[in-house]
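# Examining the three-dimensional arrangement
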Amino acid sequence: MNLYVSNLPYTMTDEEFQRLFAAHGQVTSARVVKDRETNRSRGFGFVEMPVEAEALTAINTLNGLDVGGRPLRVVEARPKEDRPPRDSRGGGRS
């Protein structure tokens, strides 16, 4: 099960993020999303847990938990939507 986690402390590392969820079961991957230009955390991430029961336990246990002064929001991730290609020419609205 793929989980979306928001309201992460901006100082959280991938390793800390992984350990937080590993306490509730097997974690295939855990990644804090970072800004491409600054390499700083964007305050959210994704966790992949192969055992659904363990993922549900993690959701129930960690959702709302205060980590670094911020209450986590943990939900099942929605599938990535197909989006039209972005116009790379810049500029504003037409």
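Residues numbered from 1 in each chain as written. Predicted model: local features only at pLDDT ≥ 70, side-chain atom pairs only at ≥ 80, totals over all residues. Heavy atoms only, no water.

## Things to note about the sheet that holds strand S6 (residues 73-76)
- Here four strands make up an open sheet; going across it, the order is S2-S3-S1-S6 and the pairing antiparallel. At either margin of the open sheet sits one strand with a lone partner, and together these are strand S2 (29-34) and S6. Pairs of neighbouring strands in the sheet enclose a mean axial angle of 20°, with direction left out of account.
- As paired elements, S2 and strand S3 (residues 41-48) share five bridges and run antiparallel to each other. Counted as the bridge partner of serine 29 is glutamate 48 from S3.
- Along the sheet, helix H1 (residues 14-22) contacts strand S1 (2-6), S2, S3 and S6; its crossing angle with S2, the most-contacted strand, is approximately 140°.
- Where helix H2 (residues 52-62) meets the sheet, it contacts S1 and S6, and its direction lies at approximately 155° from that of S6. (Pairing = 2+ DSSP bridges. Helix = DSSP H or I, 4+ residues; strand = E, 2+ residues; numbered from the N terminus. Axes fitted to C-alpha atoms, helices over the stretch in contact; angles between N-to-C directions. Contact = heavy atoms within 4.5 Å.)

## What to know about the pattern of salt bridges
- Taken as a whole and judged by the stated rule, the model has one salt bridge.
- With a shortest N-O distance of 3.8 Å, lysine 34 and aspartate 14 are connected by a salt bridge. Of this pair, lysine 34 sits in strand S2 while aspartate 14 sits in helix H1, placing them 20 residues apart in sequence.
- With relative accessibility at 26%, the residue aspartate 14 sits in the partly exposed group. (Salt bridge = Lys/Arg side-chain N within 4 Å of Asp/Glu carboxyl O. Buried < 20%, exposed > 50% of the residue type's maximum accessible area, 1.4 Å probe, protein only.)

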